[in-house]
Amino acid sequence: MSAIYLDNQATTPLAPEVFDAMVPWLRDKFGNPHSAHVPGRQAAAAVEAAREQVAALLPSGGRVIFTGSATEAINLALGAVRNLVGQGREQIAVLDTEHAAVRDTALWYGSQGFETRLLPVHSDGLADLEELEACLGQNTALVGAMLVNNEIGVIQPVERIAEMVHRAGALMLCDAVQGFGRIDMPEQADLIALSGHKIYGPKGIGALWVRNGIDMPPLIHGGGQEQGLRSGTLSPALCAGLGTAAKICAERRDTDMAHITALAEKAHDLLGDWTVNGARDQRYPGNLNIRRDGLDVGRLMSDVREVAFSAGSACASGSGRPSHVLAALGLSSAQIKSSIRLGFGRYNSMEEVEQAAHLINQAAEKQ
Ligand code: PLP
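Here goes a summary of the coordinates provided. As the structure is a prediction and not an experimental result, all values here were calculated from the model.

How each quantity is defined
- Residues numbered from 1 in each chain as written.
- Predicted model: local features only at pLDDT ≥ 70, side-chain atom pairs only at ≥ 80, totals over all residues.
- Heavy atoms only, no water.
- Phe/Tyr/Trp six-rings, centres within 6.5 Å; stacked < 30°, edge-to-face > 60°.
- Helix = DSSP H or I, 4+ residues; strand = E, 2+ residues; numbered from the N terminus.
- Buried < 20%, exposed > 50% of the residue type's maximum accessible area, 1.4 Å probe, protein only.
- Lys NZ or Arg CZ within 6 Å of the ring centre and 35° of its normal.
- Pairing = 2+ DSSP bridges.
- Axes fitted to C-alpha atoms, helices over the stretch in contact; angles between N-to-C directions.
- Contact = heavy atoms within 4.5 Å.
- 1 Å grid on protein atoms, 1.4 Å probe; cavity = no way out; pocket = protein on both sides within 12 Å on 5 of 7 lines; lining within 4 Å.
- Points joined across faces, edges and corners; volume = space filled by probe spheres on them.
- Nonpolar A, V, L, I, M, F, W, Y, C, P; charged D, E, K, R; others polar.
- Domains from an automatic or database assignment.
- Near = heavy atom within 4 Å.
- Polar contact = N/O pair within 3.5 Å; in protein donor to acceptor, adjacent residues only side chain to side chain.
- Areas by Shrake-Rupley, 256 points an atom, 1.4 Å probe, with all protein chains shown as cover.

**Here's the deal with the packing of aromatic side chains**
Link 1 in the chain: Applying the stated criterion to the full structure yields three aromatic pairs.
Link 2 in the chain: Ring centres 5.4 Å apart and planes at 90° place the aromatic pair Y200 and Y347 in the edge-to-face group. Separated by 147 residues along the polypeptide, Y200 in the loop between β7 (191-195) and β8 (206-211) and Y347 in the loop between β13 (339-343) and α12 (350-366) bring together distant segments of the chain.
Link 3 in the chain: By relative accessible area, Y200 is classed as buried at 2%.
Link 4 in the chain: A relative accessible area of 37% means that Y347 is categorised as partly exposed.
Link 5 in the chain: Clustering of aromatic rings is evident, with ring pairs tying together W108, Y109 and F114.
Link 6 in the chain: The ring of W25 is capped by K29, whose NZ or CZ atom sits 4.7 Å from the centre of that ring.

**Looking at the sheet that holds strand β3 (residues 91-95)**
Link 1 in the chain: Pairing is mixed across the open sheet formed by seven strands, whose spatial order is β2-β8-β7-β6-β5-β3-β4. This sheet does not close on itself; its edge strands, each paired only once, are β2 (62-67) and β4 (115-119). Strand-to-strand, the axes of this sheet are offset by a mean angle of 20°, without reference to chain direction.
Link 2 in the chain: Direction of pairing for β3 relative to strand β5 (residues 140-144): parallel, over a ladder of four bridges. Within the sheet, the bridge partner assigned to I92 lies in β5 and is L142.
Link 3 in the chain: Helix α3 (residues 70-78) rests against β2, β3, β5, β6 (171-175), β7 and β8 of the sheet, and its axis sits at about 165° to β7.

**Overview of empty space enclosed by the protein**
Link 1 in the chain: Applying the stated rule across the entire model yields one cavity of 30 Å³ or more.
Link 2 in the chain: Roughly 80 Å³ of internal volume is contained in the largest cavity.
Link 3 in the chain: Taken together, G181, R182, Y200, C249, R253, D256, M257, I260, Y284 and R346 make up the lining of the largest cavity.
Link 4 in the chain: Ranked by residue count, the leading element in the lining of the largest cavity is helix α8 (residues 253-270), at four residues.
Link 5 in the chain: Classifying every residue of the lining of the largest cavity by side-chain character gives five nonpolar, one polar and four charged.
Link 6 in the chain: If you count residues domain by domain, the lining of the largest cavity takes at least three from each of domain 1 (4-13 + 252-366) and domain 2 (16-247).

**Thoughts on the site of the ligand**
Link 1 in the chain: By nearness alone, every residue bordering the ligand is listed as S69, A70, T71, H99, M146, N150, D175, V177, Q178, S195, H197 and K198.
Link 2 in the chain: A distance of 2.6 Å is found between an oxygen atom of the ligand and a side-chain nitrogen or oxygen belonging to T71.
Link 3 in the chain: In this structure, D175 approaches the ligand through a side-chain N or O atom, which is 2.6 Å from a nitrogen atom.
Link 4 in the chain: The protein chains hide 90% of the 390 Å² of surface that the ligand would expose on its own.
Link 5 in the chain: A class-by-class count of the residues in the shell around the ligand yields three nonpolar, seven polar and two charged.

Here is the structure:
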């Protein structure tokens, strides 16, 4: 029996339409999109069509750079700080609850002579804007704030943060991986990162949207592809997959949201004894991070193998590190260890959610 998949923040299944869009580029058409002959030009046209499909969901006045993942897009984006050192801007500030792709990269810059600050959040997971204001100064190069948190689903006030960041003359990076294709993108951000495999697209591709006029050094040197920022031959299949996934998300946005909201409400009703971690209202409904005091989540997960879900206490890489996100909310180590994350998606049915909630409740009661 295959497990009921409720881990749609970790990754999502490939949409059938996405698979169909990729197949010709894997099976029949093999031109290098950077070649000048006819097969090459056909491949280049597919890449550019995909770029437009992705751009259609992003603000105007910028360009889309394809990368191998959102992590790579974020590394490319953070590289922009290297061009600002000459202007005396050496501070990088990111929310303490950012994904490791942002947080750890920012901390790495901190070990390279930059001044990295981790910005606190309130107990509901939302950014502390007073602390942000106090931190911003003439030396701030870049601020990173994610749109939808991958662990607890809260939606940060990115537009307000961007206004404050711009007043200080700094750049605003938004990791929109969990929000792209689902909610509006922040019009005020300067750099926006997204990933294929979180929107029912393929793994191995992401993108960075860069506002026109922003200058950054290349992340990968070589043949000068992707406007000189990220050399290497692009995969037309992956690009077509990401483009199609974005297009379908846009077409189905309301339907997907209504379906996922209904699933989340049902789960919330059935798991009535659990406490929600993070803001109750300002959140993406497809992410339900809940805790039940005294619960041994390790035991719960091994007792409920029929459901694929995530322990709230471990980061997505499965390293077993306690969640820095739940810790930033002020949860005790015991509360962190008794938290789980359920992630609902387009292809989950109501019956699956009912069955999963029943199994989880049953196993929790047994403890
Ligand atoms: N940012 C967030 C919020 C994520 O959830 C993830 C994936 O877990 C990433 C960045 C990294 O994305 P990718 O797997 O494409 O590198």
